[in-house]
Amino acid sequence: MTLILDPDDPAGWREAPSAPSATASSRLTDGLNPEQREAVEYRGQALLIVAGAGSGKTRVLTHRIASLIESREAWPSQILAITFTNKAAAEMRERVEVLLGDSASGMWISTFHSACVRILRREAEAIGLTSTFTIYDSADQRTILKRIIKELDADTLGFTPASAQAKISKLKNELADVESYARNANTSDPQEVMFLEIFRQYTRRLREASALDFDDLIAETVYLFRAFPKVASLYQRRFRHILVDEYQDTNHAQYALIRELTQPVPADRVVEMEQHGVNVAALTDASGGIPGASLTVVGDSDQSIYAFRGADIRNIVEFERDFPGAKVVLLEQNYRSTQNILSAANAVISNNFDRKEKKLWTADGDGDQITGYTGYTAHDEAQFVADEIEVLHRAGVAYRDIAVFYRTNAQTRALEEIFVRSALPYRVVGGTKFYERAEIKDAMAYLIAVANPLDELALRRILNTPKRGIGPATETALASFAEQNALSFRQAMRSADGLGLGPKVTGAITNLATVLDEAAAMLVPSAAGIAAGTNEGASKVSDALVFLLERSGLIDALRNSRDPQDETRAENVEELVAQTRDFDRENPGASLVDFLTQVSLVAAADELDDASGTVSLMTLHTAKGLEYHAVFLTGLEEGLLPHQMSASEPGGPAEERRLFYVGITRARKRLYLSLAMSRAQFGEVAVAMPSRYLQEIPEGLIDWRQSPGMATSRGGTQPRALNARRGYGQGGGGAWGTRDRDLERFSVTKSAAPKAEWANRVTGTVRDNGDLTLAAGDRIRHVDFGEGRVTQVTGEGTKRIAHVAFDTAGQKKLLIKIAPIEKL
DNA sequence: GCTCCGCCTTTATCA
DNA sequence: AAGGCGGAGC
C-alpha cells in the first residue's frame, strides 16, 4: 500500500489509487501531434505553450491535468487552473473528469476573479472587510463616481465618471493605490490633485460599504499575500501546479498574483506551519522549504485583445525571461478551419510588425472561398446575413452552429430588427444583460442590502424603490444623521424615529429597516449549521427574495402600475425569482452570498447555451475562445473596425487587427465578411468606408457577392463614395479607396450581379399588426411576395409565425405581428 | 415629493 | 436613437 499526501483530507494521508496501467497513461497522449504530446508530458518549473488559434490547446491543457493526476504527481486539490470564463472552467472540469473516469473534485478550475473572491471571502477580515463584501460592477462604480464628481465639482476640471473610472481601473491594474499614487503625484497640477481626491474618496466609500470593484478583486488578493506571507504560504503549499489559459490577456496585477502563488515557502515558515498542524510532509525539498509550484501558461500574443483593461502583452513575450529555464512549445497545426480561412488570417495578422512569426496551417484542405458582401445600409447588410443564414440552414447547418460577430454592441439593433422580421431564431450573447435591467438591479439591491448591511449604495437604491415618499431631502438627512453619530446608513434607518421627520416618512423608513432585518434573520444558519460551518437551517435564496419582494411592495408596485412597461418588468423580476429557485436546486446548501457572487462574476460567454437552437450574436471580444461552423463578421468599416477610439491609442490599430484575426479564426468551414456603405450613428447617417483590414486579405480568397466598388457604382447618388474622406483614417495609407487600383480591385467580381432583392429593401420602421389572427388556410397579401395561403401557424404571443405558401414567391416564414401583410 | 416634458449627451471592447 | 437629467407644475 502506498500512502501519499492529500491536503484536503483532514488526516493528511490516504491510500493512493491503484497504479495506472500502461494503456491508461498512453491513452492521454494518443492522437496528439508531437508538439501537443510534448506539452502534455513536459515536467518542469515553467512551461509556455504558444498555441495558435484552433491548435487544440484546451485538449492539451485537460490532458496535461489528467496526466498529472493519473501519474500521481498531484492530487486534484493541488491543481489550480485559471480560465477566461466560468463556462470554459466548467468545460475543462468536465473533460478532465471524462479523461480520469473519476471526479476531479477539489481541483480549483476557475477564472481569476472567482478564485480571488474565494480566497478573499475566506481571508476578508485580515484586510478589514466583512466576508460578505459586495462586488461592485462598472455601473455601481459609475454611480459612486458620479456622486463624488458632483460633490467636488470636478466636472469643471473635465472629469467625467467614465474618465475617472478608466483611470482608477488602470491604476489598480498596475497595483497602484491611493498612497502610491499620491507619492508620485504632481501636487502643482490642480487636475492631478483633484483626481487624487476623487480616487481617495472612491476608495473610502468602497471601504465603508465593505465593497470591492472588479479590479480590487485581483489587486486586494495580491496585497493580502504580500501583507500576510503566512496566508500566502498556505496557498503556495496547496497549489503545486498552476495552469493559466489566455495568458496573453493577463494584466500586471494578475501577473503579480501568479508570481506570488508560485513562490517557494522558506524552510523556517515550513517549520512554523508544521507547528500549527499544517501537514507539509512529502512536500519539502532538501533545504526543508517547499519549492515553488510549477507553472504552465498557454497563450497566443496574436490574440491579445484586452489591452484596454490593462492586459500586458509583455507578460507572454517575456515569459522566458521572467521564468528562467522555461520550456516553450509551439502549436501551429490548426484543427479547426479550412486553409482558405487560415490563409486569410495569416495574411491579416502578418501586417502586425513586432510579432513572432507564426503560420497556422491545416491538413484538411482549402475549403470554400470566403464570401464578401457590401450592403447599402446596415439593414441591407443584416438582410444579407439573414438570407445567407437561411441558405445555410436549408443546407443542413444547425442554427446553433452559426454566429454573427460585430465590434460594438450598438450594432445589434439592425441585425435584431431583420432577424425578428425574418423569424430567425437568434440570441444576443452579453449585450444589455438581464442583470443590468433597472428592475433586476432593484431586486438584487434588496438581496445585497440583506447580505451586506454596510452597503450604502444598495440601501440608497432601494430606499425609495418602490416609491415610499422618501425623497432626496430625507435621504440626505439620513446620511448626515449617520455621519454625525458614527452610524452606518442602515443603523441610521433603524433609528429614524429620532430624526424628527414626518410620521409617514419615518414609518416608511423603519418599515423597510424591519423588512431587511427580518430577511437577514431568515438567512442565519442554525446553531448546528454555524458550528459545522455549513448553511444548514438558513432559508433558501429564493424564499428570501420572495419575502423581500412581497414585504417591500416592489412586486405589487410593478403589477399594479399603469405604465404598460411595468408588466414586462414584473415578469423580469419573476424570472429572477425563477433563477434563484434554479440556483437553490443546483447548489443545495449554498448561501445568499454565493448567489450574489455568482451573479457578479458571470461573463457574457457564460450565457451561451450549447443546446439552444439559435444563432448567436456577440461582440468580437466575447467570441474569443469559441468556434462555429459558419461565422459572419459584420460592420467591417473604418471607424468600427478599427474603431475610431483606437486611433488615438498607441498600439490601437494593431490590437484591432488582432481582434479581426480572432474573429476570422473562429470559423470552421464558412466565413462571411460584410460591411455597409452607410451606417446610422448618433442619429444621423454617415458614409462608411471599407475597413483597411479587408485589403490585407489576398483577393483570390474572397468571393464578393457585392464588392464595395460595385455597391458604389450601383448606388447612384455617390458614384465615388469610396473616395469620400471622412474625419477618421487621416493617416492616408490606411484609408481605403484613395488610390484607383483599390477601387478597381474591388470592382472585380467573379459572381453574377447582386441579388436585387437585398438592395434597399428594408427601412428602419417596423409595422405592427396588433392582434391580427391567422390560421391555416387563410389567404394573405404581402407587400413584396404578393398573395399566398397560410399553411401553418407556430409560436406564441408576439412571436407567432405564419408559414405561408406564396403563389409566386414560394414558401416563407413570417412573424405575424410585424410582417407587411394583410388578411384577405 | 412626484411626474412630465424637453433638452442634451452619448457610445467600445470585459470581469 | 435613446436614455439621463434638470426644471416646471402639480
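Residues numbered from 1 in each chain as written. Chains lettered and ligands numbered in written order. Predicted model: local features only at pLDDT ≥ 70, side-chain atom pairs only at ≥ 80, totals over all residues. Heavy atoms only, no water.

1. Notes on the protein's contact with DNA strand B
So, step 1. Around DNA strand B sit 26 residues in total, of which Arg407, Asn409, Thr474, Ala603 and Glu649 are the nearest.
So, step 2. Here the atoms of DNA strand B within 4 Å of the protein split so that 57% fall in sugar or phosphate, with bases taking the remainder.
So, step 3. In this structure, Ala473 approaches DNA strand B through a main-chain N or O atom, which is 3.4 Å from a phosphate oxygen.
So, step 4. At the level of elements, helix H21 (472-484) and helix H29 (620-623) are the ones that each hand at least two residues to the surface near DNA strand B.
So, step 5. The element that contributes the greatest number of residues to the surface near DNA strand B is H21, accounting for three residues.
So, step 6. Grouping the amino acids of the surface near DNA strand B by side-chain chemistry returns nine nonpolar, twelve polar and five charged. (Near = heavy atom within 4 Å. Polar contact = N/O pair within 3.5 Å; in protein donor to acceptor, adjacent residues only side chain to side chain. Helix = DSSP H or I, 4+ residues; strand = E, 2+ residues; numbered from the N terminus. Nonpolar A, V, L, I, M, F, W, Y, C, P; charged D, E, K, R; others polar.)

2. Some words on the domain arrangement of chain A
So, step 1. Along its sequence, chain A is organised into domain 1 (29-124 + 219-331), domain 2 (134-209), domain 3 (341-433 + 606-712), domain 4 (438-589) and domain 5 (778-823).
So, step 2. Contacts between domain 1 and domain 2 engage 13 residues on the former and eight residues on the latter.
So, step 3. Both faces combined, the contact of domain 1 with domain 2 buries some 730 Å², and carbon together with sulfur accounts for 54% of it.
So, step 4. Between domain 1 and domain 2 we count one salt bridge in total.
So, step 5. Between Arg207 and Glu220 there is a salt bridge; the shortest N-O distance is 3.5 Å.
So, step 6. Along the contact surface separating domain 1 from domain 2 lie five residue pairs in polar contact (both at pLDDT 80 or more).
So, step 7. Sort the elements by how many residues they give to the side of domain 1 that touches domain 2 and helix H10 (residues 214-227) lands first, with five residues.
So, step 8. In terms of residue class, the side of domain 1 that touches domain 2 is made up of six nonpolar, three polar and four charged. (Domains from an automatic or database assignment. Contact = heavy atoms within 4.5 Å. Buried area = accessible area lost by both parts, 1.4 Å probe. Salt bridge = Lys/Arg side-chain N within 4 Å of Asp/Glu carboxyl O.)

3. So, the pairing of strand S12 (residues 402-406)
So, step 1. With five of its five residues buried, S12 lies for the most part within the structure.
So, step 2. On S12, burial covers both faces: Ile402, Val404 and Tyr406 on one face and Ala403 and Phe405 on the other are all buried.
So, step 3. Where S12 lies against strand S14 (residues 615-619), four bridges are found, and the strand directions are parallel. Considered in S14, the bridge of Phe405 is made with Met618. (Buried < 20%, exposed > 50% of the residue type's maximum accessible area, 1.4 Å probe, protein only. Pairing = 2+ DSSP bridges.)

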